[in-house]
Amino acid sequence: MQKVKLATLFTDLPLAYFPIKLADVSITGIAIDSRVVQPGDLFVAMQGGTVDGHDYIPTAIDRGAVAVVGQMDMKSLPVPYIRVESPRQSLTYLAASFYDWPGRKLTVIGVTGTDGKTTVSNLIYHILVAAGLKTGMISTVNAVIGDEVLDTGFHVTTPDAHDVQHYLARMVDAGLTHVVLETTSHGWAQHR
């Protein structure tokens, strides 16, 4: 089981956070949905269009979250709480750090536009594979990691940041060198 110290996750975070001195807690995963929190997870509470993740902090802690990140002032939680200005943007860096920055170990090719992203992503992917490059792909339809084709279950163009980083880390572990990532301006705006 992968374990990363909470302070390590924040080492390269280019955003302000409080408190600066973080508790000596080991993190074994990252979750943004309290229903899927596992013991040892860092729960990142984000405000959405209709729900506020801060409302689910008690549930996340009950399910085993050992630390929480959010943007509200919170007091008297039984686990460390780190306040940030933008939990969604922070999630990108925290997830990358948790997985040891897999995007830095891959050549990442992003495909964006209004229409045809999936088609173009697949074309680029197959061209790179035909050229002998060890290539993976994350698209609206699936994730391809070597010979493994995964139905991501997302069916959204750009998965959330912690899911993207998880797939990139699996690609690095599988020895891939390139990844084609289908992306959108909406995904960029949400720091995915």
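As the structure is a computational prediction, the values presented were derived from the model and not from experiment.

Thresholds applied
Residues numbered from 1 in each chain as written. Predicted model: local features only at pLDDT ≥ 70, side-chain atom pairs only at ≥ 80, totals over all residues. Heavy atoms only, no water. Helix = DSSP H or I, 4+ residues; strand = E, 2+ residues; numbered from the N terminus. Rg over C-alpha atoms; globule rule 2.2 N^0.38 Å. Buried < 20%, exposed > 50% of the residue type's maximum accessible area, 1.4 Å probe, protein only. Contact = heavy atoms within 4.5 Å. Areas by Shrake-Rupley, 256 points an atom, 1.4 Å probe, with all protein chains shown as cover. Pairing = 2+ DSSP bridges. Axes fitted to C-alpha atoms, helices over the stretch in contact; angles between N-to-C directions. Expected span 1.5 Å × (residues − 1). Arc of directions from axis to C-beta.

## Section: the overall build of the chain
Broken down by element type, the chain carries 6 helices and 12 strands. Taken over the C-alpha trace, the chain has a radius of gyration of 17 Å; the compact-globule value for 192 residues is 16 Å, and the two agree within 12%. Overall size of the chain, expressed as C-alpha extent along the three principal axes, is 55 × 35 × 30 Å. Burial status across the chain gives 46% buried among its 192 residues. Long-range pairs, those at least 24 residues apart, make up 59% of the contacts in the chain with a sequence separation of at least 6. On the chain, roughly 9,800 Å² of surface is accessible, and the fraction owed to carbon and sulfur atoms is 54%.

## Notes on the sheet that holds strand S10 (residues 143–145)
The 5 strands lie next to each other as S8-S12-S9-S10-S11, forming an open sheet whose pairing is mixed. Single-partner strands in this sheet number two, and they are strand S8 (107–111) and strand S11 (148–150). Neighbour-to-neighbour, the strand axes of this sheet turn through a mean angle of 20°, independent of strand direction. Where S8 and strand S12 (residues 178–182) come together, 5 bridges link them in parallel fashion. Within S12, the residue paired with Ile109 across the bridge is Val180. Each of strand S9 (135–138), S10, S11 and S12 touches helix H5 (residues 161–173); the most contacted strand, S9, lies at about 165° to it.

## Re helix H4 (residues 117–130)
Over its 14 residues, H4 runs 20 Å from end to end, which matches the ideal 20 Å to within 8%, given 1.5 Å per residue. By the burial criterion, the buried members of H4 are Lys117, Ser121, Tyr125 and Leu128. For H4, the buried positions fall inside an angular range of 70° around the axis, keeping them on one side. Projecting away from the buried face of H4 at angles above 90 degrees are the exposed residues Thr119, Leu123, Ile127 and Ala130. Positive backbone phi, at 90°, marks Gly132, one or two positions downstream of H4.

Everything listed here is a matter of geometry and, on its own, says nothing about what the molecule does.
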